[in-house]
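Chain and residue survey
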Amino acid sequence: MSAPQDVLTDTGPVRHRHHSRPELGALLAAVAVFLFFSVVAESFLRPASIGTVLYAASTIGIMAVPVALLMIGGEFDLSAGVAVTTTALTSSMISYQLTAITWVGVLVSLAVALGIGSLNGWLLARTGLPSFIVTLGTFLMLTGANLGVTKLVSGTVSTKPIGDMQGFASCHWLFASQFTVGGLTLKATVWWWLGLVVLGSWILLRTRFGNWIFAVGGDAAAARAVGVPVARTKTCLYLGVGFCAWVLGQHLLFSFDTVQSGEGVGNELIYIVAAVIGGCLITGGYGSVVGSALGALIFGMTSKGIVYAQWNPDWFKFFLGAMLLLAALLNSYVKRRAERGPGR
Amino acid sequence: MPRTVSLLLALTLLAAGCSSTGGLRAEQARSRAVSSAGGAVDTPRWKVAMVTHAGAGDAFWDTVRKGAEQAAAKDNITFLYSNDAQTQGQVQLVDAAVDQKVDGLLVSLAKGEALAAPLARAKAAGIPVISINSGQEFSARFGALTHIGQDETTAGQAAGTTLAARGRKDVLCVIHEQGNIGQEQRCAGARAAFSGQLQTLYVDGVNLPDARASIAAKLQADPALDTVLTLSAPLAATGLQAVQDARRSVELDTFDLGTQVVAGLQAGTVGFAVDQQPYLQGYEGVDLLWLYRYNLDALGGGKPVLTGPQVLTKDDAAALAQYVARGTR
Amino acid sequence: MTLLELTEVGKSYGAVRALEGVSLEVAEGRISCVLGDNGAGKSTLIKIIAGLHQHDEGRYLIAGDEVRLGSPRQALDRGIATVYQDLAVVPLMPVWRNFFLGAELGSFRLDIPRMRSIAREALARMGIELRDVDRPIGTLSGGQRQCVAIARAVHFGARALVLDEPTAALGVKQSGVVLKYVAAARDAGLGVVLITHNPHHAYLVGDHFTLLKRGRMAGSHPRSGISLEQLTTEMAGGSDLAELSHELGRSDPKERPPT
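Since we're looking at a predicted model, the values are computed, not measured. (Residues numbered from 1 in each chain as written. Chains lettered and ligands numbered in written order. Predicted model: local features only at pLDDT ≥ 70, side-chain atom pairs only at ≥ 80, totals over all residues.)

Details of the interface of chain A and chain B
Counting from both sides, the interface comprises 26 residues of chain A and, opposite them, 19 residues of chain B. Looking at the side of chain A that touches chain B, the elements with two or more residues in it are α2 (47-72), α10 (230-256) and α12 (289-308) of chain A. In terms of residues, the side of chain A that touches chain B owes the most to one element, α2 of chain A, which gives 6 residues. Counted by class, the side of chain A that touches chain B contains 11 nonpolar, 11 polar and 4 charged residues. (Contact = placed C-beta atoms within 7 Å. Helix = DSSP H or I, 4+ residues; strand = E, 2+ residues; numbered from the N terminus. Nonpolar A, V, L, I, M, F, W, Y, C, P; charged D, E, K, R; others polar.)

Pasting the structure below:
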């Protein structure tokens with residue numbers, strides 16, 4: 001090894017530029033998947049199909065944004081999937097049981113969603129247990145509460161229809177409307193998704209809080225030592241998950257009118273898959289919000305592309321798993337390069 | 001050299017180890033016998049999609065699919081199948097089918113209201129819809145031509161009547177999906193048509209060893225029980241094991257058919273099975289869509305077309321066995 | 001002027017007495033070295049100074065005011081910056097983000113172009129020329145990372161700098177470079193607490209030497225009162241070492257454990 005004259009002079013070529021682009025791998029994969037299905041599925045490029053693919057991607061992507069931020073902050077949230085159902089159930093049952101305008105349910109469920117987020121954050125900070133365990137606990141509790149409370153209140157496992165209640169139309173407009181531009185029908189979730197991606201990306205890359213997210217995920221002890229409020233940063237990230245779960249939950253309620261209490265289980269892993277394919281390191285400190293959007297888009301294109309290509313959908317999860325492994329390998333390679341130092 | 005030897009050894013073992021009964025070869029022979037009939041219609045190549053709320057790898061839905069595929073082959077139809085157990089996923093899949101401008105759509109309506117919007121979209125696109133399996137109360141309202149399936153309450157009542165006729169006194173109805181309305185209706189229907197005691201037990205249907213232990217524990221705890229009633233074929237097999245574990249001579253009756261259920265009927269360990277003929281739901285679904293396209297025919301006169309309940313006992317078992325083995329019953 | 005002063009400070013973790021009766025004084029433009037073996041109480045001392053832990057006995061004065069620090073933030077606000085051996089920086093973050101971590105420019109929205117150029121300039125002033133402040137700091141060598149952390153503390157107007165084993169994991173050449181920046185920080189008027197187990201490194205730059213052993217003070221000498229040889233001997237264990245060499249000398253070569 002030939003040491004440079006002055007060890008503190010950066011004499012090597014600028015070669016680590018790609019480290020600032022964690023979403024590069026996901027972008028390439030997204031383009032490849034898009035081209036692939038454009039060729040093999042004739043109905044894939046129709047405007048109506050693109051609308052359906054974007055809708056599928058948005059229902060994953062809305063949650064992938066906060067989940068990616070949380071993973072960059074070094075934590076998991078396994079309760080994210082059922083929390084979506086919880087907010088939809090809360091909103092529906094509050095409005096129905098109180099015979100209130102639907103906005104009352106919407107606001108109460110927002111409070112519940114933020115409550116779940118702060119509970120997760122508080123438990124994490126107070127117990128010092130890994131977030132995997134803490135949120136596994138809240139995941140199971142919410143799964144049971146969803147079923148138990150719904151059955152207690154409604155008598156069945158799904159909520160009563162609220163489509164004829166006052167305020168439904170305006171809530172429907174905000175969360176579940178759709179409009180058509182030149183044959184392309186875009187649902188409200190697509191706009192929410194885009195807005196959240198822009199907001200999340202801006203917070204991560206352009207704000208002081210974003211700097212803290214990277215720091216608490218990269219090395220919480222180092223961050224604490226320079227004065228970053230680690231527990232508060234993580235709690236805010238859990239609040240973000242709660243907020244987005246509320247958005248998606250309200251969409252489910254106002255587009256489907258009733259809510260099934262047993263749903264949402266398993267989706268938390270899909271959100272994590274989208275974030276990881278998008279370049280988030282499972283160990284924290286590295287990743288991108290735009291990447292999570294690309295991950296969700298890949299998910300949407302693959303799951304619906306297989307239908308458009310008229311293939312047997314039995315194999316879908318296999319392809320998804322393979323893609324996840326490839327993404328994770330690429331990411332860990334990047335991390336090793338970044339941690340090892342120059343020229344090695 | 002050692003490679004050649006081991007290759008020869010492997011071949012010898014293979015030849016010596018061939019089974020003369022059962023296995024893949026027997027299955028292939030059976031399916032050749034089934035599919036020898038070719039397409040006999042002169043209609044153009046239509047496309048029919050089926051979107052269900054089935055979970056991945058469900059044997060019941062595989063039988064539905066087989067029926068649909070068989071009818072599609074006969075009617076010169078391209079059959080597309082997709083499924084998602086979650087509301088949101090099933091809605092998106094129906095949308096995707098409409099995007100493809102299919103010529104007919106078969107949808108299971110277990111999620112009720114949620115499918116109103118995508119089915120309205122199908123109607124606007126001029127795609128005929130038939131609902132299958134579950135959700136007959138929504139079928140007409142959502143603009144479906146008809147509904148093909150079994151009324152769960154009626155099926156439950158059939159089970160209750162049969163239980164009473166067989167002289168059962170104290171029955172345990174095993175619900176394996178907590179929160180499934182159809183399963184609740186089956187148990188409630190059985191209770192309504194049955195004069196004796198009927199209690200329900202909730203078990204975890206995706207964790208069969210746990211379900212087996214739960215049923216066995218209940219049997220040991222309650223000596224008055226003389227019958228176990230399960231609601232699906234896999235749970236019937238699990239229930240049989242639990243009965244053995246508990247060392248109790250109770251009767252097991254079930255809904256739905258499967259290889260082990262038929263074997264049980266033949267051996268006398270299963271009393272009766274209430275079948276809803278899943279094959280028929282898929283087959284008739286595709287065939288009725290073809291008839292509608294070809295001749296504007298519709299079956300049922302605005303009422304559901306019922307494929308069940310059909311109560312099967314030991315007398316039917318021998319004839320059923322071969323059909324279950326090839327996966328069409 | 002005295003920047004920080006500890007008088008007879010002690011700390012217990014439950015029944016374990018980690019530190020007892022330790023006194024230390026750091027003045028502007030001076031380097032005060034704390035020497036000790038593993039388990040001597042060095043890291044406890046650092047945590048008290050940096051505000052991660054609170055002392056249970058004695059007095060801790062910063063610029064003449066007695067304090068009990070509740071968090072690292074409070075220590076930073078009083079001008080005390082700590083650079084840890086293993087957790088000085090967040091490896092995957094770019095150099096400029098690390099440089100400003102915890103003291104970002106802009107109330108909520110970051111002023112990124114200014115942060116980049118200030119980071120580059122501040123590093124250059126300390127003699128660290130980095131062409132690309134966007135590279136992850138983990139790609140720098142251990143010595144470089146220590147230097148960035150020191151430059152950061154100097155830039156943010158720290159008045160006292162606490163360095164935890166800055167040369168422990170480094171080779172001879174890089175250690176020399178780091179010590180050069182320690183001296184540069186001293187020349188800039190900072191008071192430095194240099195914690196190390198290497199008497200040679202300490203003697204190169206130190207003005208005062210405090211020795212710790214099993215949580216207690218084992219000596220406190222100004223530079224004029226002690227030579228490198230004496231320091232090395234004391235550090236290596238003093239009389240303990242003499243006894244050990246006596247025992248080793250007597251033992252039969254055949255009975256020595258295989259090496």
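Text resumes after the structure shown.
Some thoughts on the arrangement of the chains
Taking contact number as the criterion, the leading pair out of 2 pairs of chains in contact is chains A and C. Without any contact between them, chain B and chain C keep their closest C-alpha atoms 37 Å apart.

Topic: unusual backbone geometry
Of note, the amide linkage connecting G308 of chain B to P309 of chain B takes the cis form, showing an omega dihedral of 0°. The backbone phi angle of N133 of chain B is positive, close to 70°, even though this residue is not glycine. Within the secondary structure, N133 of chain B sits in strand β4 (residues 129-133). Unlike most non-glycine residues, E8 of chain C shows phi in positive territory, near 50°. Under the C-beta neighbour-count criterion, E8 of chain C is labelled partly exposed, with 13 such atoms within 10 Å. (Buried ≥ 20, exposed ≤ 12 C-beta atoms within 10 Å, placed from the backbone.)

Re the packing of helix α3 (residues 80-98) of chain A against α10 of chain A
All names here are of chain A. Running from amino to carboxyl end, α3 crosses α10 at an angle of 55°, the nearest separation of the two axes being 7 Å. On the basis of the axis angle, α3 is oblique to α10. For α3 against α10, the interelement crossing comes out right-handed. Contact with α3, carried on its side by A80, A83, V84, T85, T87, A88, S91 and S92, involves V241, G242, A245, W246, L248, G249, Q250, L252 and L253 of α10 and no other residues of that element. (Axes fitted to C-alpha atoms, helices over the stretch in contact; angles between N-to-C directions. Parallel < 35°, antiparallel > 145°, perpendicular 65-115°, else oblique. Left-handed = near helix turned anticlockwise from the far one by under 90°.)

Remarks on the nonpolar core
Side chains that are nonpolar tend, in soluble globular proteins, to be buried together. By size, the foremost hydrophobic cluster in this structure holds 224 residues, and its most contacted members are M63, A64, V67 and I298 of chain A together with I80, V148 and L161 of chain C. The leading source of residues in this core is α2 of chain A, at 16 residues. Apart from the residues within four sequence positions on either side, V148 of chain C is in contact with V89, V95, N98, F99, L123, I128, I137 and L140 of chain C. I215, L229, L252 and F272 of chain B belong to the second-largest nonpolar core, a separate cluster that totals 42 residues. (Core = buried A, V, L, I, M, F, W, Y, C linked by C-beta atoms within 7 Å.)

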